[in-house]
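# Examination of the molecular architecture
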Amino acid sequence: VNVLALIGCPVAHSKSPRMFNTAFQDTQLPYVYLAHHVEPHQLEMAVNGLKTLGYEGFNVTIPYKETMMNLVDELDESAQVIGAINTVVHREGKWIGYNTDGAGYLRSLRESIAIDLNHCKVVMIGAGGAARAVGYALCTHGIQHLTIVNRTVKKANELANQLASRGQTNFLALADAEEVIAQADLIINTTSVGMHPHTKQSPIPIDWIGAHHIVSDLVYNPLHTALLQGAEKKGAKIHTGDGMLLYQAAIAWELWTSRPAPIPVMKKALEQANS
Ligand code: ATR
């Protein structure tokens, strides 16, 4: 049997083992997925230990996504640009680090909403780690019009510069973004604003949203954030944050097994773990 794992601190709350193991059983693939709680001072030892024990790969969660960049043998472009690793694959004796968050987000968006990103005006709110993953995915998939909007404009500028070689990217301070948001087709919130327990907060005034918008929120606790509730009232289409969780895992599955992920089974297992 091939062994996979999640490493992080903590990991007990994670729904990944249940989701992956249910899907491995369903497809009868010979894999098992474990969760390992690793203390910071033992991280390097743990990563070497997994290699010694012949693990096929592992997922990385908080707080090790950035540190893991220094502990793998090779970096995929996704991890290099995003600056963080969530999936590691064992290939020919080497650990290769990937980041499937951005691609997972994009696949989730496309599954949920018919959208021609090439002709879509996108405003992305936020310029942190999650924004880097989403921005990278958008730019590598041919988006033509991306504006990064952030409370701290300097960080939006930095991210726009970083992505500039991959696509046309503008930036703006959040406070000045009403006009550009009005003209956008797709608004993506990558900030944590609206996350439990601050569920009444929205990253932008709901008044800025209209019926022509698609509004997407990465926050998944709660699923229907104040932003998405407001957007729905305005007649906009919405896209919830749970899809990213599912599809980043599906892409990891495909990297490890070279087979298509059984999305419906994984989705159901995730929903059951949430209930
Ligand atoms: P993550 O890795 O989850 O993206 P991060 O790297 O700390 O977290 O980035 C958090 C993002 O949320 C940033 O874009 C931050 O804006 P600043 O760069 O101005 O700090 C944004 N953010 C957090 N709280 C915010 C708030 N109350 N209003 C607006 N933006 C906020």
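Please read all numbers here as calculations on a predicted model, not as lab measurements.

## Looking at the overall build of the protein chain
On a plain count of helices and strands, the protein chain comes out with ten helices and twelve strands. The C-alpha atoms of the protein chain give 19 Å as radius of gyration, which agrees with the globular expectation for 275 residues (19 Å, within 12%). Along the longest, intermediate and shortest principal axes, the C-alpha atoms of the protein chain span 55 × 40 × 35 Å. Looking at the protein chain as a whole, 43% of its 275 residues qualify as buried. Pairs at least 24 apart in sequence give 63% of the contacts found in the protein chain among residues at least 6 apart.

## Comments concerning the site of the ligand
Residues in close proximity to the ligand total 15 residues, the closest being Gly 128, Gly 129, Arg 151, Thr 152 and Thr 191. If one sorts the elements of the shell around the ligand by residue count, helix H5 (residues 129-140) sits on top with three residues. Partitioning the shell around the ligand into residue classes produces five nonpolar, eight polar and two charged.

## Regarding the UniProt feature "domain: Shikimate dehydrogenase substrate binding N-terminal" (unreviewed entry) in the protein chain
The UniProt record marks residues 6-88 with the feature "domain: Shikimate dehydrogenase substrate binding N-terminal" (unreviewed entry), using the residue numbering of this structure. As a span, residues 6-88 carries 34% helix and 22% strand, and end to end its C-alpha atoms are 10 Å apart.

## Some words on the packing of helix H4 (residues 101-112) against H5
Between two packed helices, the angle of one axis relative to the other and the distance separating the axes together describe the packing. Two elements in contact, H4 and H5, have axes whose closest approach is 7 Å; the angle formed by their N-to-C orientations is 65 degrees. Taken together, the axes of H4 and H5 lie roughly perpendicular to each other. Crossing of H4 over H5 shows right-handed handedness. On H5, the residues that touch Asp 101, Gly 102, Ala 103, Tyr 105 and Leu 106 of H4 are Ala 133, Val 134, Tyr 136, Ala 137 and Leu 138. Looking at the contact of H4 with H5 residue by residue, the class counts come to eight nonpolar, one polar and one charged.

## Thoughts on the pairing of strand S11 (residues 214-217)
Consecutive side chains of a regular strand alternate in pointing toward one face of the sheet and then the other. Where burial is concerned, the two faces of S11 agree: the one with Ile 214 and Ser 216 and the one with Val 215 and Asp 217 are both buried. In the sheet, S11 pairs with strand S12 (residues 237-239) via three bridges, with the strands oriented parallel. What sits directly across from Ile 214, in S12, is Lys 237. Running through helix H8 (residues 226-233), the crossover from S11 to the neighbouring parallel element S12 is right-handed.

## Observations concerning the UniProt feature "binding site: shikimate" (unreviewed entry) in the protein chain
Residues annotated in UniProt with the feature "binding site: shikimate" (unreviewed entry) correspond here to Ser 14, Lys 15, Ser 16, Thr 61, Asn 86, Asp 101, Tyr 220 and Gln 248. One can find Lys 15 in the loop between strand S1 (2-8) and helix H1 (16-27). Owing to 16 C-beta atoms within 10 Å, Lys 15 belongs among the partly exposed residues under this scheme. In contact with Asp 101, not counting residues within four places along its chain, are Asn 86, Ala 133, Met 244 and Gln 248.

## Quick look at the domain arrangement of the protein chain
The domain architecture assigned to the protein chain consists of domain 1 (2-98 + 243-274) and domain 2 (102-240). Between the C-alpha centres of domain 1 and domain 2 there is a distance of 26 Å. Contacts between the two partners involve 13 residues from domain 1, matched on the other side by 16 residues from domain 2. Sorting the residues of the side of domain 1 that touches domain 2 by element identifies helix H3 (77-82) and helix H9 (242-257) as the ones contributing at least two each.

## Observations regarding the pairing of strand S3 (residues 57-60)
By the alternation rule, side chains of S3 split into Gly 57 and Asn 59 and Phe 58 and Val 60, which are all buried. The pairing of S1 with S3 spans four bridges and is classified as parallel. Directly across from Leu 6, in S3, lies its bridge partner Asn 59. Relative to strand S5 (residues 87-91), S3 runs antiparallel, the two sharing three bridges. Within S5, the position partnered with Gly 57 by the bridge is Val 89.

## Notes on the sheet that holds strand S4 (residues 74-75)
Across the sheet, six strands lie side by side as S2-S1-S3-S5-S6-S4; this open sheet has mixed pairing. The strands lining the two open edges of the sheet, one partner per strand, are strand S2 (31-37) and S4. On top of the sheet, H9 reaches S1, S3, S5 and strand S6 (94-98); it is set at about 5 degrees to S5, its chief contact.

## Some words on helix H2 (residues 43-52)
When H2 is considered as a whole, its buried residues turn out to be Leu 43, Val 47 and Leu 50. All buried residues of H2 project into a common sector of 60 degrees when viewed along the axis, lining one side. Residues of H2 that are exposed and point more than 90 degrees away from the buried face comprise Met 45, Asn 48 and Thr 52. One or two steps after H2, the chain reaches Gly 54, where phi turns positive at roughly 80 degrees.

Criteria and cut-off values
Residues numbered from 1 in each chain as written. Predicted model: local features only at pLDDT ≥ 70, side-chain atom pairs only at ≥ 80, totals over all residues. Helix = DSSP H or I, 4+ residues; strand = E, 2+ residues; numbered from the N terminus. Rg over C-alpha atoms; globule rule 2.2 N^0.38 Å. Buried ≥ 20, exposed ≤ 12 C-beta atoms within 10 Å, placed from the backbone. Contact = placed C-beta atoms within 7 Å. Near = placed C-beta within 6 Å. Nonpolar A, V, L, I, M, F, W, Y, C, P; charged D, E, K, R; others polar. UniProt positions renumbered as here; feature names shortened; annotations may be inferred. Axes fitted to C-alpha atoms, helices over the stretch in contact; angles between N-to-C directions. Parallel < 35°, antiparallel > 145°, perpendicular 65-115°, else oblique. Left-handed = near helix turned anticlockwise from the far one by under 90°. Pairing = 2+ DSSP bridges. Right-handed = clockwise from strand over helix to strand, strands pointing away. Domains from an automatic or database assignment. Arc of directions from axis to C-beta.

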